[in-house]
Amino acid sequence: MPDQLLFAIEVTLNGLMAGVLYALVALGFVLIYKASGIFNYAQGVMALFAALTLVGIMEGQVPFSHLINAIFGTEIHHFGWHVPALAAIILTIAVMVVFAWLVQVLIFRHLVNQEPILLFMATIGLAYFLEGFGDLMWGSDIKKLDVGLPQGINGWIDQTTFDAFGYGFFIDNLDISATIVAIILVAGLIIFSQYTKQGRALRAVADDHQAALSVGISLNFIWVLVWSVAGFVALVAGIMWGAKSGVQFSLSLIALKALPVLMLGGFTSIPGAIVGGLIIGVGEKLFEFLIGPMVGGATENWFAYVLALLFLVFRPQGLFGEKIIERV
Amino acid sequence: MLDTTDADQKTLLEINNIEVIYNHVILVLKGVSLKVAEGGITALLGGNGAGKTTTLKAISNLLHSERGEVTKGSIAYRGQKVAGLDPADMVRRGVIQVMEGRHCFEHLTVEENLMTGAYTRRDGKGVVDEDLEKVYSYFPRLKERRKSQAGYTSGGEQQMTAIGRALMSRPETILLDEPSMGLAPQLVEEIFGIVKNLNEKEGVSFLLAEQNTNVALRFAHYGYILESGRVVMDGPAAELRENPDVKEFYLGVSEEGRKSFRDVRSYRRRKRWLS
């Protein structure tokens, strides 16, 4: 096989896996948007906050230690213990559920029936608040996150492809585990929303708030539920991105990567978020590989947005956007 | 005014002189009082904007989510005040509303729509499945369409889905808002026939808001007529049907036979000015 083709295949595979990570972030947006019509600007910061909390708990960090030390003149930073990854993940999920509940009770319960733009503004406020709050709680230094996922080049793929084509593919183990986790997560979400009572209620709320109220579904409960699930998805995205590039402020910017994915896949579709993520992941890597050298590189930053722009012109509801049902 | 209810019938729901204000400014109900008898079909009649829907929503407590508020008077169900309860609490107590315009969950299948009606129930899957079969026996058409998305079914099927969904909560009282809206006369008859059937066989009480006075009075036991937020007349359905004013204003017939719509309206206006 010619080298160029082999390189392209390798780039595509890596693009697919990057796409999975984009899809994970986009998924959090879709969940909340579908159920409550809120475009949650804070989704990226939620991923950052979840990752910070996870690292903090694992390392036995004392929350608000800077604040406590400043007020009481103490010098405490660590409890001096380490929590195993799985236990820390469960604790972090609990924190995200409490967060979801607080968001509902303190913010969105008071904004029922308000304009979408107002709700959007509220999430912007929430994003900046949470960013500062995360810093205050866990400190603003860059942290390393290691939950025990395998990292580095996958030797088996390298060896097999080398034997077959004379060129070893570079595939990161972390990307492979991210893909597996994402597949499990999505399968779980689909089973939850299609086959459980609460999942059905969630879809009912997404369709018609008033009717859902009339049959006795509590909107508050459903919204807390959906923010909790979005918090969980944010945690998974935070773990994957955090393990890849460290837990730091720039983690919250992954939300910007999710935006074109949403435009491509549609704001209301879970499969759309996934396919959109994959298309953008592969698209930007291949574009960089094929066209990048001609225009001086660095196309990855803008390619996704140009693609999204084209979609806005020709198919504004996205690939899988909610079909508006019209009977003829 | 005719005497309110028969002495031997128990009052299920009693509304006492309620006032409803939307958005803190718009006064919609200006003192409505009515009673719903146990095991009966009570009709709430009147034109557009008379306050029928608002009355139903005040009972089911759906008003709050539309920025409406009961500012005066009281609503009691089985003798207990229900102000300030959640719609979900009302459903658990056996009062469920079927909203005007059906409001099916468009992207859910017909069967999933029906199952959402059982959301508040805690009595196990077996009983719920039995009730699902029962709903299908009242609405055989829904069984044929059980796997289609509700948004793609016809208006009549959607109305049936909405009523069936309410039935899945095992209600005592259904607040049925404008079931005839946008349906062909034949379908209206069919739906009202089923309502009558449910009332007689399942013992479900109905409070029925309807513009179609003619049909409603044929199936109801008792009727109230609302006009701009006030009850202007009430009585047993049979008597209301024979009442000359009701005939004139709501059924469109008078001593001189059927009048054209235009005449009726101008007459109505004149009469209101005079009174």
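Report follows, based on the coordinates. Just so you know, these numbers come straight off a predicted model, no measurement behind them.

## Focus on the overall build of chain B
- When its secondary structure is counted, chain B shows 11 helices and 12 strands.
- Taken over 275 residues, chain B has a buried fraction of 53%.
- In chain B, the share of contacts with a sequence separation of at least 24, taken over all contacts with a separation of at least 6, comes to 69%.
- Here chain B displays about 12800 Å² of accessible surface, and carbon together with sulfur accounts for 49% of that area.

## Here's the deal with the overall build of chain A
- The helix and strand inventory of chain A stands at 14 helices and 0 strands.
- When the helices and strands of chain A are placed in sequence order, the string is α-α-α-α-α-α-α-α-α-α-α-α-α-α.
- Whereas a compact globule of 328 residues would reach a radius of gyration of roughly 20 Å, chain A reaches 21 Å, a difference of no more than 12%.
- C-alpha atoms of chain A, sized along the principal axes, occupy 70 × 60 × 40 Å.
- Classification of the 328 residues of chain A by burial places 50% in the buried group.
- Considering only intrachain contacts with a sequence separation of at least 6, the fraction spanning at least 24 residues in chain A is 72%.
- Total accessible area on chain A stands at roughly 15300 Å², and carbon and sulfur atoms take up 71% of it.
- The averaged location of the 20 negative side-chain charges in chain A is 14 Å from the averaged location of its 13 positive side-chain charges.

## Examining empty space enclosed by the protein
- In total, this model carries 1 cavity of 30 Å³ or more according to the counting rule given.
- Estimated volume of the largest cavity: approximately 30 Å³.
- Every residue lining the largest cavity is listed: Leu213(A), Ser214(A), Ser60(B), Leu62(B), Pro87(B), Met90(B), Val91(B), Val95(B), Ile96(B) and Gln97(B).
- Looking at the lining of the largest cavity, the elements that each hand over two or more residues are helix 9 (209–214) of chain A together with helix 2 (87–93) and strand 6 (95–98) of chain B.

## Considering the sheet that holds strand 3 (residues 41–45) of chain B
Residue and element names in this part refer to chain B.
- Taken in spatial order, the 6 strands make up an open sheet running 6-7-8-3-9-10, and their pairing is mixed. In this open sheet, the two strands that pair with only one neighbour each are strand 6 and strand 10 (230–236). With strand direction ignored, the average angle separating the axes of adjacent strands in the sheet is 15°.
- Strand direction decides the pairing type here: strand 6 and strand 7 (residues 173–177), joined by 4 bridges, are parallel. The partner of glutamine 97 across the bridge, within strand 7, is leucine 175.
- Set on the sheet, helix 1 (residues 52–60) makes contact with strand 3, strand 6, strand 7, strand 8 (205–210) and strand 9 (222–227); between it and strand 7 the angle comes to about 150°.

## Some details on the pairing of strand 1 (residues 11–22) of chain B
All names here are of chain B.
- Of the strand pairs in this sheet, strand 1 and strand 2 (residues 26–37) are connected by 9 bridges, and their pairing is antiparallel. The residue bridging isoleucine 15 from the neighbouring strand is leucine 34, located in strand 2.
- Of the pairings in the sheet, the one linking strand 1 to strand 4 (residues 68–77) comprises 8 bridges and is antiparallel in character. For valine 20, the partnering residue across the bridge sits in strand 4 and is valine 70.

## A few points about the pattern of salt bridges
Residues and elements named next belong to chain B.
- By the definition in use, this model includes 22 salt bridges over all chains.
- With a shortest N-O distance of 3.1 Å, arginine 92 and aspartate 89 are connected by a salt bridge. Placement of the pair is arginine 92 and aspartate 89 together in helix 2, with a separation of 3 residues, close to one helical turn.
- Take aspartate 89: its relative accessible area is 25%, and that puts it in the partly exposed class.

## Focus: the sheet that holds strand 4 of chain B
- Judged by pairing direction, the sheet is antiparallel, and its 4 strands sit side by side in the order 2-1-4-5 (chain B) without closing on themselves. Where the open sheet ends on each side, the last strands, each with one partner, are strand 2 and strand 5 (80–81) of chain B.

## Some points on the interface of chain A and chain B
- Counting residues at the interface gives 27 residues for chain A and 34 residues for chain B.
- Across the chain A/chain B interface, buried area totals approximately 2600 Å², and carbon plus sulfur atoms make up 54% of it.
- Our count for the chain A to chain B interface comes out at 1 salt bridge.
- Notably, a salt bridge pairs Glu112(B) with Arg203(A), separated by 2.8 Å at the nearest N-O pair.
- If you look at where chain A meets chain B, you find 8 residue pairs in polar contact (both at pLDDT 80 or more).
- For the side of chain A that touches chain B, the secondary-structure elements that each account for two or more residues are helix 8 (197–207), helix 9 and helix 10 (219–245) of chain A.
- For the side of chain A that touches chain B, the leading source of residues is helix 8 of chain A, giving 7 residues.
- Among the residues forming the side of chain A that touches chain B, the class breakdown is 11 nonpolar, 8 polar and 8 charged.

The rules we used
- Residues numbered from 1 in each chain as written.
- Chains lettered and ligands numbered in written order.
- Predicted model: local features only at pLDDT ≥ 70, side-chain atom pairs only at ≥ 80, totals over all residues.
- Heavy atoms only, no water.
- Helix = DSSP H or I, 4+ residues; strand = E, 2+ residues; numbered from the N terminus.
- Buried < 20%, exposed > 50% of the residue type's maximum accessible area, 1.4 Å probe, protein only.
- Contact = heavy atoms within 4.5 Å.
- Areas by Shrake-Rupley, 256 points an atom, 1.4 Å probe, with all protein chains shown as cover.
- Rg over C-alpha atoms; globule rule 2.2 N^0.38 Å.
- Lys, Arg positive; Asp, Glu negative; His and termini not counted.
- Charge placed at Lys NZ, Arg CZ, Asp CG, Glu CD.
- 1 Å grid on protein atoms, 1.4 Å probe; cavity = no way out; pocket = protein on both sides within 12 Å on 5 of 7 lines; lining within 4 Å.
- Points joined across faces, edges and corners; volume = space filled by probe spheres on them.
- Pairing = 2+ DSSP bridges.
- Axes fitted to C-alpha atoms, helices over the stretch in contact; angles between N-to-C directions.
- Salt bridge = Lys/Arg side-chain N within 4 Å of Asp/Glu carboxyl O.
- Buried area = accessible area lost by both parts, 1.4 Å probe.
- Polar contact = N/O pair within 3.5 Å; in protein donor to acceptor, adjacent residues only side chain to side chain.
- Nonpolar A, V, L, I, M, F, W, Y, C, P; charged D, E, K, R; others polar.

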